[in-house]
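Residue-level structure breakdown
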Amino acid sequence: MSAAHPWLEPANWPKKPLPRAELERHIERVLTMTNICYLATLGLNGPIVSPVEFYAEGLTVYVYPQPNSPKLKAMERDPRVSMAVANPMAGWACTMGAQLFGRAQLLKSGSAEWQHAMTIFKWPGSSFEIGRPLTGPPAGTMMRLDPERIVYTEHYLRRDGYGPRQIWKRDG
């Protein structure tokens, strides 16, 4: 038995779902805790998973894939993607993360959607770090993911009687 966290006992595995608005709030929170995710695409020889920089607007995620990269080419061939983001954990009590599933939308440089994405994506910091000019956003394809499904995990929810794994679907 855990003296510090008795609600983590294996027998306490509730299934109760969070109300949708509350679940969305938890997902949005985890999407603000870091700006690195692991993006999975389908390459010619199987899955490709890479750490990439991302920024979110609500549940919508933006990634700037490097031009001509295997990841960008994979998304051009097959837009199905999955991404995972997690809070660095120091034990089960603080485990928190989300897996997002959907189809990558590739936004062409200069389009209205791309221009909006660049107001969300914090390109100046990345550009400075890798020596790109700071005179304007980098010209290149931006990826937007409007998830179809999200699997959210947070074991602290067990403390309040909610399931540690919550499923969000775009269509409710």
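To keep things clear, this report deals only with the structure shown in the data block.

On to helix α2 (residues 70-77), then. Restricting attention to buried positions, one finds in α2 the residues Lys71, Leu72, Ala74 and Met75. An end-on view of α2 places all buried positions within 160° of arc, on one side of the element. Residues Pro70 and Glu76 are exposed on α2 and point more than 90 degrees away from its buried face. The inward-facing, buried residues of α2 contact β1 (36-43), β2 (46-57), β4 (80-86), β5 (96-107) and β6 (142-145).

Quick look at the pairing of β6 now. Of the two faces of β6, both are covered, the one formed by Met142 and Arg144 as well as the one formed by Met143 and Leu145. Where strand β3 (residues 60-63) meets β6, three bridges bridge the pair, whose relative direction is antiparallel. Following the sheet pairing, Val63 is matched in β6 by Met143. Inspection of the sheet shows β5 paired to β6 by four bridges, in the antiparallel sense. Paired with Ala104 across the two strands is Leu145, which belongs to β6.

Turning to the pattern of salt bridges, a few remarks are in order. The full count for this structure, using the stated rule, is five salt bridges. A salt bridge links Arg144 to Glu113; its shortest N-O distance comes to 3.5 Å. One end of the pair, Arg144, is in strand β6; the other, Glu113, is in helix α3 (residues 112-120), with 31 residues separating them in the sequence. On the accessibility criterion, Arg144 (13% relative accessible area) is buried.

How each quantity is defined
Residues numbered from 1 in each chain as written. Predicted model: local features only at pLDDT ≥ 70, side-chain atom pairs only at ≥ 80, totals over all residues. Heavy atoms only, no water. Buried < 20%, exposed > 50% of the residue type's maximum accessible area, 1.4 Å probe, protein only. Helix = DSSP H or I, 4+ residues; strand = E, 2+ residues; numbered from the N terminus. Arc of directions from axis to C-beta. Contact = heavy atoms within 4.5 Å. Pairing = 2+ DSSP bridges. Salt bridge = Lys/Arg side-chain N within 4 Å of Asp/Glu carboxyl O.

Read these as layout, nothing more, since geometry by itself doesn't imply function.
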